[in-house]
Amino acid sequence: MGGQKGGVIGGAIGGVIDATEALTNRQKEVLKLIAANPSITYNEIAETLSINESAVGKHITAIKNKGFLVRQGDTRGYWEINLDKK
């Protein structure tokens, strides 16, 4: 299950993310990308969504402030999603 873990988890929680009314549509898109790849970088998110990295940072900060996202570790860490905030 090694390389597929993020994709399997991302697909399974995508519907739950869509049902979350506390996030904007763009924040949901960012969260889905993180769910699919918990080690994704700001640059990868920016390229995928065709936005700049500072916008990604603002979206991630908002998602963290709403309690849906926690960073584990430093720059080599990963994102942990908390969907209990529904």
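Figured I'd write up the structure that's included with this text. Here the residue numbering is sequential within each chain, running from 1 through the sequence in written order. In view of the model being predicted, local features appear only for residues whose pLDDT reaches at least 70, and side-chain atom pairs are presented and counted only at 80 or more, with totals across whole chains, interfaces and linings using the full set of residues. Excluded from the side-chain calculation are hydrogens and water; included are all heavy atoms of the structure.

### So, the nonpolar core
What we call a nonpolar core is a set of buried Ala, Val, Leu, Ile, Met, Phe, Trp, Tyr and Cys residues that are connected through their side-chain atoms within 4.5 Å. Residue burial is assigned from relative accessible area. The probe radius is 1.4 Å, only protein chains are included, and a residue is buried under 20% of its type maximum, exposed over 50%, and partly exposed in between. Counting 18 residues, the largest nonpolar core has Val30, Leu31, Ile34, Ile45, Ile60, Ile63 and Leu69 as the members making the most contacts within it. Under the DSSP-based scheme used, a helix requires at least four consecutive residues in state H or I and a strand at least two consecutive residues in state E, with every element numbered from the N terminus. Those elements giving two or more residues to this core turn out to be α2 (25-36), α3 (42-49) and α4 (53-65). Of all the elements, α2 adds the most residues to this core, at four residues. Setting aside anything within four residues of it in sequence, one finds Ile63 in contact with Leu23, Gln27, Val30, Leu31, Phe68 and Leu69. In what follows, residue pairs with any heavy atoms lying within 4.5 Å of each other are defined as contacts.

### Remarks on the environment of Val56
Along the chain, the position of Val56 falls in helix α4. Taking the C-alpha atoms as reference points, Val56 and Val30, 26 residues apart in sequence, are found 7.7 Å from one another. The residues contacting Val56, other than those within four sequence positions of it, are Tyr42, Ile45, Ala46 and Ile51.

Nothing here speaks to function; it is geometry throughout.
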